[in-house]
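Working through the structure, step by step
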Amino acid sequence: MFDSHLLSSKISRRDLCKVAVGSTLSFLLPGFDLRAAEKRGKERRKSIIILWMGGGPSQLETWDPHPGTSIGGPGKAIKTVVPGLQISDMYPLLAEQLDSMSVIRSMVSKEGDHERGTKYLKTGYRPEPTTVYPALGAIITHQAPSSQLEIPQHISMGNTQFPARGGYLGGHLDAFRVPDPGRNIGNMRSSVGAPRQERRLENLNVVSQAFRKGRSIQTQKTLHQSTIDRALTMMSSEQLNAFEIEKEPEAVRKAYGDSPFGRGCLVARRLVEQGVHSIEVNLNGWDSHANNYTGHQTQAAILDPAFSSLLKDLKSRDLLNSTIVLCIGEFGRTPKINALDGRDHWPTGFSCLVGGGGLKGNLILGETDPTGKEKTPVDPVRIQDLYATILQKMQIDYTKELISPIGRPLALSEGTPISRLI
């Protein structure tokens, strides 16, 4: 496994250089003109925002409620703007913004463990000991790089135990991690005045020259000077402003919610506007083995305003046609409520919301048994099929094979696109 990168209040200049190591290879790849970021609608290159629900949210308390049944729990359902689609009444704001989204109620996995389930859901491949598969965001960054970006191209916001990784594609495609989005950007700027900064760079140049002596090959392999150059470019880049939400109107910030996830969704929208293509925003806390219903009420109070504001903003700025939004976790929760009023892991028949980026909206795919007796849902959808769909819609050949470090040819996805979504 490769090291990931953190943006935190304690980040040092050395850390920043390490961060740039991860970003440098992507910077060096051929890309598109940065002016493309200013385009709107279908003319714009596509981005993806993955809202990752860590812990596995209950499908019954989110997008597939069965009120009034033996498995429904105390929750109720409300109508949405999509004809025939009802979701949990914990999401009144989101119910008004789902017109471009589709719900899949029949996701199936064979991984009921958090770590294995997360790896499967983030990569489209079941975990195995010989290969570390890249996350969907890393694949997109690898296949559709933006050489003109001065900030990382694969970004993960919010704390998560299992961040998106570059896998066999390399550590440089690990997501750039921002644990507390919307804050602490100051440590990415120079903390000293220009004269002192210049002296520091002169001293750094002395160290770099000493490092290069007798190490020409190592210097080339480690991209030493390029790393420094890119780190400095990033520190002075105006694109860093995408991480700063203070300039957003107070009403906008309030609408998203003052939580790491809410701020992360607002930063995600700003990163899309800068031309970043792969963004992940994490919301943990869905592992509700006890007090499932109240736990989901707490989570919904965070997710509902942030997710609905994100969709509303993307639509109003004509960015949703070029931005795929996927809300998903590693699995769902059991239909049966346990003795602690909780629901346990349920890797079959769970739900996700997906839309934007030209995908068809207003669709309801799959169906689960309202009695909870039938484990397999109607019209099951595999993870790899969903990701093949997304890659195809992002104009990436999902059948393309890459050679892993051990010489094994591996397709970007082994799935088949879901025709109804395309």
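Residues numbered from 1 in each chain as written. Predicted model: local features only at pLDDT ≥ 70, side-chain atom pairs only at ≥ 80, totals over all residues. Heavy atoms only, no water.

- The name given to the protein in an unreviewed UniProt entry is DUF1501 domain-containing protein, with the source organism recorded as Gimesia algae.

What to know about the overall build of the protein
- Scanning the protein from terminus to terminus reveals 11 helices and 16 strands.
- Counting all 422 residues of the protein, 56% fall into the buried class.
- Of the contacts formed within the protein by residues at least 6 apart in sequence, a portion of 75% connects residues at least 24 apart.
- Of the roughly 18,200 Å² of accessible surface on the protein, a fraction of 51% belongs to carbon and sulfur atoms. (Helix = DSSP H or I, 4+ residues; strand = E, 2+ residues; numbered from the N terminus. Buried < 20%, exposed > 50% of the residue type's maximum accessible area, 1.4 Å probe, protein only. Contact = heavy atoms within 4.5 Å. Areas by Shrake-Rupley, 256 points an atom, 1.4 Å probe, with all protein chains shown as cover.)

Things to note about the environment of Ile328
- Mapping Ile328 onto the fold places it in strand S9 (residues 323-329).
- With a relative accessible area of 1%, Ile328 lands in the buried category.
- Separated by 277 residues in the primary sequence, Ile328 and Leu51 place their C-alpha atoms 6.5 Å from one another.
- Apart from the residues lying within four places of it in its own chain, the contact partners of Ile328 are Leu51, Trp52, Met53, Leu121, Cys352 and Leu386.

Focus: helix H4 (residues 136-143)
- Taken across its eight residues, H4 has six buried, putting it largely inside the fold.
- Within H4, the full set of buried residues consists of Leu136, Gly137, Ala138, Ile139, Ile140 and Thr141.

Looking at the nonpolar core
- If you look at the biggest cluster of nonpolar residues, it comprises 51 residues, and the most contacted ones within it are Leu51, Leu271 and Phe307.
- Counting only domains with at least three residues in this core, you end up with domain 1 (32-176 + 247-421) and domain 2 (183-243). (Core = buried A, V, L, I, M, F, W, Y, C linked by side-chain atoms within 4.5 Å. Domains from an automatic or database assignment.)

Observations concerning the pairing of S9
- Among the seven residues in S9, seven count as buried, and that is most of the element.
- Burial of S9 is two-sided: the residues Thr323, Val325, Cys327 and Gly329 facing one way and the residues Ile324, Leu326 and Ile328 facing the other way are all buried.
- Across seven bridges, strand S2 (residues 47-54) lies against S9 in parallel orientation. Its bridge partner lying in S9, Ile49 is registered against Val325. (Pairing = 2+ DSSP bridges.)

Re unusual backbone geometry
- One non-glycine residue with positive phi stands out, namely Asn362, at about 65°.
- Considering the arrangement of structural elements, one finds Asn362 in the loop between strand S12 (348-355) and strand S13 (364-365).
- The class of Asn362 is partly exposed, set by a relative accessible area of 39%.

A short note on the pattern of salt bridges
- Considering all chains together, one arrives at 20 salt bridges under this definition.
- Here Glu111 ties to Arg126 by a salt bridge, and the two come within 2.8 Å at their closest N and O atoms. Taken together, the positions of Glu111 in the loop between strand S5 (101-108) and helix H3 (114-123) and Arg126 in the loop between H3 and H4 put the pair 15 residues apart, joining distant regions of the chain.
- Here Arg382 makes a salt bridge to Asp385, at a shortest N to O gap of 2.9 Å. (Salt bridge = Lys/Arg side-chain N within 4 Å of Asp/Glu carboxyl O.)

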